[in-house]
Amino acid sequence: MTDLAWLSVADAAKLISGRKLSPVEFTEALLARIERLDPKWHAFIRVTPERARAQAKAAEAEISAGQYRGPFHGVSVGLKDIIDLAGYPTTCHSRVYEDHRASSSAVVTERLEAAGAVVLGKLSTHEFAIGGPSFDLPWPPAVNPWGGGNFPGGSSSGSGVALATGMMPAALGTDTGGSVRNPASMCAIVGLKPTYGRVSRRGVFPLAFSLDHVGPMTRDVADNALLLQVLAGHDPLDPGSADVPVADYSAELDKGVKGLRVGLVRHFYDGDETAHPEQIKAADGAASTLRELGADVREIRLAPLQDYSVCNRIILAAEAFSIHRQHLATRPGDYGVLARERLSIGAGLSAADYVDALRMRARLAAQTKAAMDGLDAILTVSSMDPPPPIDDAEACARVYPRQARQPFNVTGLPAIAIPAGFTPDGLPLSIQIVGHAWQEARVYRVAHAYEQATGWYKRRPPGIE
Amino acid sequence: MEQDEAARIAKAAGVTRLLEEHPDALRSALKGAAALAARLPKDFSPGEESAHVFRLPSVPEGQR
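Residues numbered from 1 in each chain as written. Chains lettered and ligands numbered in written order. Predicted model: local features only at pLDDT ≥ 70, side-chain atom pairs only at ≥ 80, totals over all residues. Heavy atoms only, no water.

A. Local environment of unusual backbone geometry. All names here are of chain A. Residues G132 and P133 are joined by a peptide bond in cis, for which omega reads 0 degrees. Relative to the elements of secondary structure, P133 occurs in the loop between β3 (118-123) and α6 (157-164). Between G154 and the following residue, S155, the backbone shows a cis peptide bond with an omega angle of 15 degrees. Non-glycine residue H42 carries a positive phi angle of around 55 degrees. (Helix = DSSP H or I, 4+ residues; strand = E, 2+ residues; numbered from the N terminus.)

Dropping the structure here:
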């Protein structure tokens, strides 16, 4: 069972397509593991065993009949609980939506199920993808197995924890100001925020329309590319979706980085902010590793990190307040403390503030594009610090401003967070690789080269067999 | 933030109950909003447009 818990999507697919692993056996092993481990780590809001078992049986029957659909056929996944699964509640981890049942599935859920995936359940999130970690909600927050009781990042916290504890090989998160990449960084897994418009958001509860992305979360880069392949594509009914051809995201994985030009944005973590010394060492070390692998790594400057942060936070606050205003007006007590305060910020912003932030966004996007001319990718940090204890509210609150993820929500560029080592105490460190719009394949290429050269992704949390 | 100012904003935003039941949360949020807005650029030229999300289809309806 241990081996099944840590199987990658790619390895599971090889075994399943070769009829050496039954989807039913795989699903049962993971369900048993969830039953055993989740009471401690709280990755799930709801496990959906009956649906998972039916899907696993159907997958097994189809594969036995020679109808293999591809790498996710019979492979288990989880959904952050702001993503609709037909017939089940989408609680958004909130009392406000405790009884809200989805009548249809989100487009990303449909795509996964069409690929033959087995949905194990709905995963913990910060309340409405903004308020957490919170202890005043109907469900407890997910807990990071790294360190044994730390903050797992958020808001896609359950997705990060489910992967880090071997409960599933792939999960979906969402990212408005870094919510896929934050738990990826804190849980030593891999999380991609795709290009804005690459993946449909229809059927996903919004936080901020113009900044929201659905993103794949896995334990390695190759699996992440496989998952994006399933998710990507134009959705004419999602106003933010772009009609841009879908690339082969695994095509460049093994091409290495020799000759690629990578811009190191060092001032984000040793200037605009000062990251934890081990995190600075990890990011500088990643630049050295890429140089040793043959990349031309040169330091570049973007706008100050705080400019992107102000822009992201104002747009997010204004749009989120618009979405939540009715509920904040009529049942404010049903929100947890953190979500209530964070969602209320938009009440104090004017229409001109919002439009100015959108004008700032256009300016920052143009400046960033110009700075990336002639480069294949950017390297910088994701989080400034390793995960703090989950019961240290002040330290957890500091995680939000001390990060370098918001620039890529503002600019819409694809950005991946991957493990980049550990502190002497064994806590995860991470880096981000960022690419030009629609060039996720190039982002994966650089990330995969670094990942394979360092092997950090192979490490498992102590005490989690 | 002054009591009157918070009440005025809460009324304008339609969240008076929020102010009544959770005054500290709303005041803290409004303080945060003011701090953020103060950091916006002041040097936009008149023609510097926002990053729109609204787009009409590139091909007229019926010609797709």
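Alright, that's what it looks like, and here's the rest.
B. Structural view of the pairing of strand β4 (residues 170-175) of chain A. All names here are of chain A. Among the 6 residues that make up β4, 6 are buried, leaving the element largely enclosed by the rest of the structure. Both faces of β4 are covered, namely the face carrying A170, L172 and T174 and the face carrying A171, G173 and D175. Both strand β2 (residues 76-80) and β4 contribute to a ladder of 2 bridges, which runs parallel. Looking across to β4, one finds that G78 is bridged to A171. Here 6 bridges tie β4 to strand β6 (residues 213-218), and the two strands are oriented antiparallel to one another. Its bridge partner lying in β6, T174 is registered against V214. (Buried < 20%, exposed > 50% of the residue type's maximum accessible area, 1.4 Å probe, protein only. Pairing = 2+ DSSP bridges.)

C. Structural detail: the packing of helix α5 (residues 107-114) of chain A against helix α8 (residues 221-231) of chain A. All names here are of chain A. The geometry of α5 relative to α8 is characterised by a closest axis approach of 8 Å and an angle of 110 degrees between their N-to-C directions. Between α5 and α8, the interaxial angle falls into the category roughly perpendicular. Residues V108, R111 and L112 of α5 pack against L227, V230 and L231 of α8. Its residues assigned to classes, the contact of α5 with α8 comprises 5 nonpolar, no polar and 1 charged. (Axes fitted to C-alpha atoms, helices over the stretch in contact; angles between N-to-C directions. Parallel < 35°, antiparallel > 145°, perpendicular 65-115°, else oblique. Contact = heavy atoms within 4.5 Å. Nonpolar A, V, L, I, M, F, W, Y, C, P; charged D, E, K, R; others polar.)

D. Looking closely at the environment of E292(A). Structurally, E292(A) is set in helix α9 (residues 277-292). Distance in space between the C-alpha atoms of E292(A) and S94(A) is 48 Å, their sequence separation being 198 residues.

E. Spatial organisation of the interface of chain B and chain A. Tallying the contact residues gives 29 residues for chain B and 30 residues for chain A. Of the roughly 2600 Å² buried at the junction of chain B and chain A (both faces included), carbon and sulfur atoms supply 64%. The largest contributions to the chain B side of the interface with chain A come from L36(B), L40(B) and F44(B), which together make up 22% of the buried area. Scanning the region where chain B abuts chain A turns up 2 salt bridges. In this structure, R363(A) and E48(B) form a salt bridge, with 2.7 Å as the shortest nitrogen-oxygen distance. Applying the counting rule to chain B against chain A returns 9 residue pairs in polar contact (both at pLDDT 80 or more). Of all the secondary structure elements, the ones that give two or more residues to the side of chain B that touches chain A are α1 (3-13), α2 (16-21) and α3 (23-38) of chain B. Residues that form the side of chain B that touches chain A fall into these classes: 18 nonpolar, 5 polar and 6 charged. (Buried area = accessible area lost by both parts, 1.4 Å probe. Salt bridge = Lys/Arg side-chain N within 4 Å of Asp/Glu carboxyl O. Polar contact = N/O pair within 3.5 Å; in protein donor to acceptor, adjacent residues only side chain to side chain.)

F. Structural view of the pattern of salt bridges. All names here are of chain A. The final tally for this structure, using the stated rule, is 25 salt bridges over all chains. A salt bridge links E278 to K281; its shortest N-O distance comes to 3.6 Å. Residue E278 and its partner K281 are both found in helix α9; the two are separated by 3 residues, about one turn of the helix. Overall, E278 belongs to the buried group, its relative accessible area being 19%.

G. Geometry of the sheet that holds β6(A). All names here are of chain A. Ordered by their spatial adjacency, 11 strands build an open sheet running β1-β3-β2-β4-β6-β5-β10-β11-β9-β7-β8, and the pairing between neighbours is mixed. Only two strands of the sheet have a single neighbouring strand rather than two, namely β1 (44-47) and β8 (296-299). The average undirected angle you get between the axes of adjacent strands in this sheet is 30 degrees. Sheet topology places strand β5 (residues 190-193) next to β6; 2 bridges connect them, and they run antiparallel. Bridging from a neighbouring strand, G191 pairs with M217 of β6.

H. Structural detail: the packing of aromatic side chains. All names here are of chain A. Considering all chains together, one arrives at 8 aromatic pairs over all chains under this definition. Between Y97 and F205, the ring centres sit 5.0 Å apart and the planes meet at 75 degrees, which makes this aromatic pair edge-to-face. Here Y97, found in the loop between β2 and α5, pairs with F205, found in the loop between β5 and β6; they are 108 residues apart in sequence, far enough to count as distant. Ring geometry for F128 versus F205: centroids 5.1 Å apart, planes at 45 degrees, classification tilted. With F128 in the loop between β3 and α6 and F205 in the loop between β5 and β6, this pair connects stretches of sequence that are 77 residues apart. Like F205, F128 is buried. (Phe/Tyr/Trp six-rings, centres within 6.5 Å; stacked < 30°, edge-to-face > 60°.)

I. Quick look at the environment of E28(A). Residues and elements named next belong to chain A. As for its placement among the helices and strands, E28 is situated in helix α3 (residues 23-41). Looking at E28, the relative accessible area reads 32%, which means it is partly exposed. The spacing of E28 and A56 is 28 residues in sequence and 9.0 Å in space, taken between C-alpha atoms. Reaching out from E28, the side chain makes a polar contact with the side chain of R53 at a distance of 2.6 Å.

J. Inspection of α3(B) at higher detail. Between its first and last C-alpha atoms α3(B) spans 23 Å; for 16 residues at 1.5 Å apiece the expected length is 22 Å, and the two agree. A25(B), L26(B), A29(B), L30(B), A33(B), L36(B) and A37(B) are the residues of α3(B) that are buried. End-on, the buried residues of α3(B) take up no more than an arc of 130 degrees, which puts them together on one face. Projecting away from the buried face of α3(B) at angles above 90 degrees are the exposed residues D24(B), K31(B) and A38(B). The secondary structure elements touched by the buried residues of α3(B) are α10 (305-330), α11 (337-344) and α12 (351-371) of chain A together with α1 and α2 of chain B. (Expected span 1.5 Å × (residues − 1). Arc of directions from axis to C-beta.)

K. Structural context of the side chain of Q403(A). All names here are of chain A. Along the polypeptide, Q403 turns up in the loop between α13 (393-399) and α14 (406-410). Within the local environment of Q403, its side chain forms a polar contact with the backbone oxygen of Y400, the two atoms lying 3.2 Å apart. Looking at Q403, its side chain comes within polar contact range of the main-chain nitrogen of Q406, at 3.2 Å. Apart from residues lying up to four places away in sequence, Q403 is in contact with G177, L305, S382 and M384.

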